[in-house]
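Summary of the model geometry
Okay, here's what each chain looks like letter by letter:
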Amino acid sequence: MSLHATPHPKDTVKWTTVGGVRVPVHLLIPNLPDPFMDIEDYEPDADLMVLNMGPQHPSTHGVLRVKLVLDGEVCVKVTPYLGYLHRGVEKLCEKLSYVQITPIVDKNDYVSPMMNELAINMAFEKLIGAEVPRRARYIRTICAEIQRLGSHLLWLGTFGLDMGGAIGGGGSIFMHTFRERELLLDLFEDLTGCRFHYNTHTVGGNRHDIPAGWAAKATQVLAVISKRCIEYEDFVRGNKVFQARTVGVGIIDPVLAIDLGISGPVLRASGVDVDLRRDQPYAAYDEIAVNVATDPGGDCFSRYVVRVDEMRESIRIATELLAGVPEGPICSLKPVKLPGAVKAKHGQGVYSSIESPRGELGTFVVGNTVRRQSAIPYRCKIRSPSMHLLQLLPYICPGNNISDIIVTLGSLDPIMGEVDR
Amino acid sequence: MSWPTDAATLCQDRFGLEICEAEGPLVSADQALALATALKDELDFRFFVHVVSVHYPEVEAIAADEEKGIDAIIGTPDHTMVHYRLRRLANPNRSTDTFAFRIKVPTGESTPSLSGVWLGADWQEREQYDLVGTVFSGHPDLRRIMMPEDWPGHPLRRDYAIDTSHFPWR
């Protein structure tokens, strides 16, 4: 595999331990900006301007509104405003039965719907006490890894657009990644009948079994994308324009990131070696080794490096699992005829979490103790990683140019459907 | 689920709390800030997972009536239960210990904001205030985050009428 030299050689980094976590020394920022700063306290002679970015700005990846206070081209204070895509999913969950909720949460993180289904059904299974057969756990893991690959492909394409088409001119990396993502959507169409909102996970297992010939087709597609990943690396990593826009931009302090509840590739790109797939195995991850990609750079370039490494790792995991899918049933419960057939056993709060492409995606669900409503959750809360990612903006953006803020925001990869729910 | 022994010992010995095996200890609002600081600074629970408020409307107490076959129901006042969940990332050991505690907040009272201990609690507490109506005292910026600022009521309360239309969508 041809790789250009990375701007962050791993062997020269000094490490220290803060709160039991090994972090790179050079990323620790002593004086963080105050997100609640009164702009009257800023230099009195400065000619400040307030600029609204969003909620219809294309580079905000959805309907995020960011209020910027600018001193010339340099940002002084950042205030994000959410809620433009709030649809009341959690309230809707209090009206629908456990089986009916899966297609609703598909629309939360609309870039990786499989992850939402997996996360919420794992919580329901924990509450109800349903076992998942081994074959279903394999199918879930394969779907999750293919979905992670698709999500990171979409991120890489839109990240190229965020830099004003800096890579290859125009939107060419975007066109490349969308060509490959189409192959993955075709795979999901063969498996579930849907290209985007699958509704394939259910309480106790899956709805759709692997069709004949699907495993061979999927292995072939993954091999194609594995080759294309090398193309992207040649295309992007050594590109001087790409490095000029990303190296040293949007540096995230790992201690601040942990304090803010950041997880996933953004935390790993700050050198913290944490991954729920390895540390707290769910589905079939206890049967396969997961190599966690980390990078000590902490900037936008490191987040690119970590995500591309994760793409390769996803291809490897999915290919290995596809070769050994065990025989057996795909759902432990009988096919549900009535939506009220699946019932909770107690009213205690249960939490379960998975590693989504954006970080820890968790579901906290409380069962209903009233017997007549025991097929409906009492309270359902989705812990979205994207919401925590956006909390970073007031801390990392001050002092940067507007163009760097857009690159930083793109490198975090927030999905507004998941933030607002 | 079993909780980490050092955190359970800290709760029992220093704060005199009883550990619930499923949902963690029930903490009074006065103790919450001291417990949170001890968990973060002494036991390295630095990763903030979530805060969830669950609203429970008032339940009237019913005495048992053997003739009519009615079981006794213990009455509870109108309150919200606030669940906090934390994680310890000790990546050389690759352990991810999780610990949870909850605070019972009667309606009309407030619970201390823990966003000064974990910055990640900031927006989540705002969300719970917006949707469930739990007031977090000492929060630096307790505004609505999801709903419009002039929205009446808190939608995720159990007594919120969702079948009737609301301003401004009538």
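Remember, it's a predicted structure, so these values are computed and weren't measured experimentally.

This next bit is on the domain arrangement of chain A. All names here are of chain A. The domain boundaries assigned to chain A delineate domain 1 (4-81) and domain 2 (82-420). Once you take the C-alpha centre of each, domain 1 and domain 2 turn out to be 25 Å apart. Taken together, the contact between domain 1 and domain 2 spans 41 residues of the former and 46 residues of the latter. Counting the surface lost from both domain 1 and domain 2, the interface buries some 3,600 Å², and carbon and sulfur atoms represent 71% of this. At the junction of domain 1 with domain 2, the criterion picks out 0 salt bridges. Those elements that provide at least two residues to the side of domain 1 that touches domain 2 are strand S1 (15-18), strand S2 (21-24), strand S3 (48-53), strand S4 (65-71) and strand S5 (74-81). Looking at the side of domain 1 that touches domain 2, its residues break down into 28 nonpolar, 9 polar and 4 charged.

For the rest of this paragraph, the subject is empty space enclosed by the protein. Evaluated as defined, the whole model comprises 4 cavities of 30 Å³ or more. Along its surface, the largest cavity is lined by A:Ile262, A:Ser263, A:Gly264, A:Leu267, A:Val274, A:Leu276, A:Glu355, A:Glu360, B:Phe47, B:Arg87, B:Leu89 and B:Thr96. Residues that form the lining of the largest cavity fall into these classes: 6 nonpolar, 3 polar and 3 charged. The space that makes up the second largest cavity amounts to roughly 60 Å³. Every residue along the wall of the second largest cavity is listed here: A:Val18, A:Val21, A:Val255, A:Ile258, A:Asp259, B:Lys40 and B:Arg46. Sort the elements by how many residues they give to the lining of the second largest cavity and helix H8 (residues 254-259) of chain A lands first, with 3 residues. Each residue belonging to the lining of the second largest cavity can be placed in one class, and the counts come to 4 nonpolar, no polar and 3 charged.

Moving on, we get to the pattern of salt bridges. Residues and elements named next belong to chain A. Applying the stated criterion across every chain yields a total of 42 salt bridges over all chains. Across the salt bridge formed by arginine 358 and aspartate 413, the nearest N and O atoms sit 2.7 Å from each other. Pair noted here: arginine 358 is in the loop between strand S8 (349-356) and strand S9 (359-366) and aspartate 413 is in the loop between helix H14 (402-412) and helix H15 (416-420), with a separation of 55 residues, a long-range link. Across this residue pair, the class does not change: arginine 358 and aspartate 413 are buried. Connected through salt bridges with shared partners, the residues Glu145, Arg148, Arg268, Asp275, Arg277, Glu310 and Glu355 form a single ionic network.

Empty space among the atoms becomes apparent when a probe as large as a water molecule is rolled across them. Within this model, the largest pocket holds a volume of roughly 780 Å³. The wall of the largest pocket is formed by 22 residues, among which A:Thr369, A:Tyr378, B:Tyr56, B:Val59 and B:Thr76 lie closest to the centre. For the lining of the largest pocket, the secondary-structure elements that each account for two or more residues are strand S3 (79-90) and strand S4 (95-106) of chain B. Looking at the lining of the largest pocket element by element, the count peaks at 3 residues for S3(B). Its residues placed into classes, the lining of the largest pocket shows 8 nonpolar, 9 polar and 5 charged.

Conventions used here
Residues numbered from 1 in each chain as written. Chains lettered and ligands numbered in written order. Predicted model: local features only at pLDDT ≥ 70, side-chain atom pairs only at ≥ 80, totals over all residues. Heavy atoms only, no water. Domains from an automatic or database assignment. Contact = heavy atoms within 4.5 Å. Buried area = accessible area lost by both parts, 1.4 Å probe. Salt bridge = Lys/Arg side-chain N within 4 Å of Asp/Glu carboxyl O. Helix = DSSP H or I, 4+ residues; strand = E, 2+ residues; numbered from the N terminus. Nonpolar A, V, L, I, M, F, W, Y, C, P; charged D, E, K, R; others polar. 1 Å grid on protein atoms, 1.4 Å probe; cavity = no way out; pocket = protein on both sides within 12 Å on 5 of 7 lines; lining within 4 Å. Points joined across faces, edges and corners; volume = space filled by probe spheres on them. Buried < 20%, exposed > 50% of the residue type's maximum accessible area, 1.4 Å probe, protein only.

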